Amino acid sequence: MSNSAEMLRARGLRITRPRLAVLDILTGGGHLEVDEIAGRVRARLDSVSTQAVYDILAAFSRAGLARRIEPAGGPARFEARVGDNHHHIVCRGCGVIADVDCAVGEPPCMTPSETHGFLLDEAEVTFWGVCPTCRTRQNAGS
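The rules we used
Residues numbered from 1 in each chain as written. Predicted model: local features only at pLDDT ≥ 70, side-chain atom pairs only at ≥ 80, totals over all residues. Heavy atoms only, no water. Pairing = 2+ DSSP bridges. Helix = DSSP H or I, 4+ residues; strand = E, 2+ residues; numbered from the N terminus. Core = buried A, V, L, I, M, F, W, Y, C linked by side-chain atoms within 4.5 Å. Buried < 20%, exposed > 50% of the residue type's maximum accessible area, 1.4 Å probe, protein only. Disulfide = S-S within 2.5 Å.

Caption draft 1: Main features of the sheet that holds strand β1 (residues 32–33). Taken together, the three strands give an open sheet; going across it, the order is β1-β3-β2, and neighbouring strands pair in antiparallel fashion. Every interior strand has two partners, whereas the edge strands, β1 and β2 (67–69), have only one. Alignment of β1 against strand β3 (residues 77–79), held across two bridges, turns out to be antiparallel. Counted as the bridge partner of Glu-33 is Arg-77 from β3.

Below is the structure:
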C-alpha cells in the first residue's frame, strides 16, 4: 500500500483514485488553487469534476491532511503543510505565496492583548510585500 493510501486510511478516509491523486498533488508542494489541482487530477485520471475536488479538499482539511489559506483579494489555496502553525508571505505584484515559519516562540506564535476567554492554539498571519522577481521588473521599468 502506498504512503498516500496509508495517510488516508489513518484519517478514516476512504481510499479512492481521485483522493490519492489530490493528496499526491498537494504533497508535491506549493499553495495551489482548486482549478490548478483539478487540472492536474484530470491530467492523471481523465475525468473528475471540480466539485469532486472541492469535496476532497474539504474532507482533507477536516482530517488535517490539507490546509486552506485565503489571502485577501484572491482565491482559496490549499497546501499539504499542516500542523506546524506556519504563516505566509504574499507578493502584491504576482500573488506568489511563500511559507514563513512561526513568527516568534511557541504556537500560536503571537500573544494577543486580549483572548476574550478563548484557549488559543493557532495564529494565522499573512505578511504582504513584493517578491524579488516583481521588484526586479519594477526597477527595470523605472
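Caption draft 2: Region of the structure containing the nonpolar core. Counting residues in each nonpolar core, the largest one holds 24 residues, and the members touching the most others are Val-22, Leu-26, Ile-37, Val-41, Leu-57 and Phe-60. When contributions to this core are tallied by element, the ones reaching two or more residues are α2 (17–27), α3 (34–45) and α4 (50–63).

Caption draft 3: Region of the structure containing the state of the cysteines. Enumeration according to the criterion identifies zero disulfides in this entry. Sulfur of Cys-94: no disulfide; nearest cysteine sulfur belongs to Cys-131 and is 3.7 Å away. No disulfide involves Cys-131; its sulfur sits 3.6 Å from the nearest other cysteine sulfur, which is in Cys-91. In this structure Cys-131 comes out as buried when scored by relative accessible area, which is 13%.

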